[in-house]
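# Observations on the three-dimensional arrangement
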Amino acid sequence: AAVLCSFESAFLAVPQEALIETMEINQKFFPVLRDGVLTEHFIGIANIESKDAGEIRKGYERVIRPRFADAKFFFDEDRKQGLSSINEGLSTVTYQAKLGTVADKAARVGILAAELAPLLGVDADLAKRAAALSKADLQSRMVNEFPELQGIAGRHYALHQGEDPTVAAALDEIYMPRNAGDDIAPSRLGQVLAIADRLDTLAGGFAAGLRPTGNKDPFALRRQSLGLARTLLQGEHELLLHEWIERAVALQPIALPDDLSSYDITQFVYDRLRAYFADRGVTASQFEAVNAVPHDSLPDFAKRLQAVGEFAGMDAAPALAAANKRARNILRKVEEPIATSVREDLLTEAAERDLFSALRTAQAEVEPLLDSRDYVGVLTRLASLRPTVDAFFDGVMVNADDMDMRRNRWALLLQLSDTLGGVAALEHLSA
């Protein structure tokens, strides 16, 4: 039977997350919320029949009060000490043996946050202040007792000591998304901190030799990578990930191992995105096609994936993908530099002249589309090349006996391949 119970409303001054955690995890009670806000009521489930529900209620209420009293004591004592005072103790707490103290980590996050802030439309001073306080509550009594309140406690303590509300919120948001299904940080300042913190964690984790192996991931680098990628994607931040990983690596007190580079860390992040995009209908070959070409940012990467997905449904897609694969295979076997320009006087076959002309026209038309990231428009335009490309491969011997003619056809193939590969490496779409 369900038994409605209550507790003193004074306990509601404690962060509701601590009270809810106590009720749900420690006592298996159900908190009662109104519009997302905890009330002074909770529900216990009695698994025995009793003629006196009042006694059961008193028992449940008696069990919960000591835990609530402890939480309130920790909360009150932390607020008396103050977040800034608590923060001073971080210089004596080891973050990781090779990476220094928690204060050292907060300092690195502060540098990254201050550099990222203006790019994301955030005040750099607010970013530095938030970063400086971002790990303070790790030293608090509340977080020591309730580890899941990391960030949440910091937000409450920052507000109590009169910090800017956006700074206080960012102390909580730095950990978002906490889990796979969670939203990213809602504020721009929170996103700055979330990005900076994860960049530092990744760079430091790899530098310290904590790269995940099998099921072992002591620094939760897989989860941190996905959180970083999701924040960049869903926040639509036009940042070149590799450059920022390289910057974070440079701030570490130790260098990366000789067998690792910042590119390896970048690819580690992209590898976490395979399942993320697979859940959204992107095939492995489509992901590889986009991953194989340069792009400006993760939002740009996502736009290319969307375009490739639409292109894959076009009638011309299989033939163009196969043609690009064929061109790449021919060029891969060439052991000398290939000219970047085509000599029109050496184009003797009608099919190669037609291809050269069609390519020149297509290149002029897709250039502004590429500049505006209209990748669907680019691939739709390139799909119209299919008849000309088919005619070229059907009627022209690329490796002609005449070396000048052969080299010129290699140059033509290179232009074809580069044009078809402007959005993605289409050869990956060929079975």
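Look up a bit, the structure's there.
Figured I'd write up the structure that's included with this text. Fair warning: this is a prediction, and the values are worked out from it, not measured in the lab. (Residues numbered from 1 in each chain as written. Predicted model: local features only at pLDDT ≥ 70, side-chain atom pairs only at ≥ 80, totals over all residues. Heavy atoms only, no water.)

## Quick word on helix α11 (residues 241–251)
If you check which residues of α11 are buried, you get L241, H242, W244, I245, A248, V249 and L251. The inward-facing, buried residues of α11 contact α4 (102–116), α9 (188–207), α10 (221–234) and α12 (262–278). (Buried < 20%, exposed > 50% of the residue type's maximum accessible area, 1.4 Å probe, protein only. Helix = DSSP H or I, 4+ residues; strand = E, 2+ residues; numbered from the N terminus. Contact = heavy atoms within 4.5 Å.)

## Some points on the packing of aromatic side chains
All told, the structure shown has 15 aromatic pairs when counted by the stated rule. Ring geometry for F7 against F42: centres 6.4 Å apart, planes inclined by 25°, an arrangement best described as stacked. Of this pair, F7 sits in the loop between β1 (2–6) and α1 (16–26) while F42 sits in strand β3 (residues 37–45); the two residues are 35 residues apart in sequence, bridging distant segments of the chain. The exposure class assigned to F7 is buried, which follows from its relative accessible area of 5%. Three or more aromatic residues joined by ring pairs form one cluster here, namely F7, F11, F29, F42, Y60 and F68. Directly above the aromatic system of F268 lies the positively charged group of R272, at a separation of 4.4 Å from the ring centroid. The residue whose ring lies beneath R280 is Y276, and the NZ or CZ to ring-centre distance is 3.7 Å. (Phe/Tyr/Trp six-rings, centres within 6.5 Å; stacked < 30°, edge-to-face > 60°. Lys NZ or Arg CZ within 6 Å of the ring centre and 35° of its normal.)

## Brief notes about the pairing of strand β2 (residues 30–34)
Bridge count for β2 against β3 is 4 bridges, and the pairing is antiparallel. Looking at β3, one finds that P31 is bridged to F42. Counting the residues between successive antiparallel strands, the hairpin from β2 to β3 contains 2 residues, one of them, D35, with a positive phi of roughly 55°. (Pairing = 2+ DSSP bridges.)

## Quick word on α10
Helix length check: α10 (14 residues) gives 20 Å between terminal C-alpha atoms against 20 Å at 1.5 Å per residue, within 8%. Summarising burial for α10: 10 of the 14 residues are buried, a large majority. Restricting attention to buried positions, one finds in α10 the residues L221, Q224, S225, G227, L228, A229, R230, T231, L232 and L233. Those residues of α10 that are buried are in contact with α9, α11, α12 and α14 (298–312). With its phi angle positive at about 55°, E236 sits one or two positions after the end of α10. (Expected span 1.5 Å × (residues − 1).)

## Quick notes on the pattern of salt bridges
A complete count under the given rule lists 32 salt bridges for this structure. For D200, the salt bridge goes to K105, with nearest N and O atoms at 2.7 Å. With D200 in helix α9 and K105 in helix α4, the pair connects residues that are 95 residues apart, well separated along the chain. For D200, a relative accessible area of 1% corresponds to the buried category. (Salt bridge = Lys/Arg side-chain N within 4 Å of Asp/Glu carboxyl O.)

## Thoughts on the environment of D182
Mapped onto the elements, D182 comes out in the loop between α8 (165–173) and α9. By relative accessible area, which is 28% here, D182 ends up partly exposed. Note: C-alpha distance between D182 and L126 (56 residues apart in sequence) is 25 Å. Leave out the neighbours within four places in its chain, and D182 touches P177 and R230. Engagement of the side chain of D182 in a polar contact is seen with the backbone nitrogen of N179, the distance being 2.9 Å. (Polar contact = N/O pair within 3.5 Å; in protein donor to acceptor, adjacent residues only side chain to side chain.)

## Observations concerning the sheet that holds β3
Read across the open sheet, the 3 strands follow the order β1-β3-β2; overall the sheet is antiparallel. Sheet topology places β1 and β2 at the edges, where each strand pairs with a single neighbour. For this sheet, the mean angle separating the axes of adjacent strands, direction not counted, is 35°. Direction of pairing for β1 relative to β3: antiparallel, over a ladder of 5 bridges. Paired with L4 across the strands is I43, a residue of β3. (Axes fitted to C-alpha atoms, helices over the stretch in contact; angles between N-to-C directions.)

## Here's the deal with the packing of α12 against helix α13 (residues 284–291)
Running from amino to carboxyl end, α12 crosses α13 at an angle of 150°, the nearest separation of the two axes being 10 Å. When you trace α12 past α13, the crossing you get is right-handed. Contact residues: Q267, Y270, L273, R274 and F277 in α12; F287, E288 and N291 in α13. Partitioned by chemical class, the residues of the contact of α12 with α13 number 4 nonpolar, 2 polar and 2 charged. (Left-handed = near helix turned anticlockwise from the far one by under 90°. Nonpolar A, V, L, I, M, F, W, Y, C, P; charged D, E, K, R; others polar.)

## Concerning the side chain of R304
Its location among the elements puts R304 in helix α14. Overall, R304 belongs to the buried group, its relative accessible area being 7%. One polar contact links R304 to Y375, side chain to side chain, over a distance of 3.3 Å. A polar contact of 3.1 Å, which involves the side chain of R304, links it to the backbone oxygen of G422. Once residues within four sequence positions are removed from consideration, R304 is found in contact with V290, V293, P294, H295, Y375, G422 and V423.

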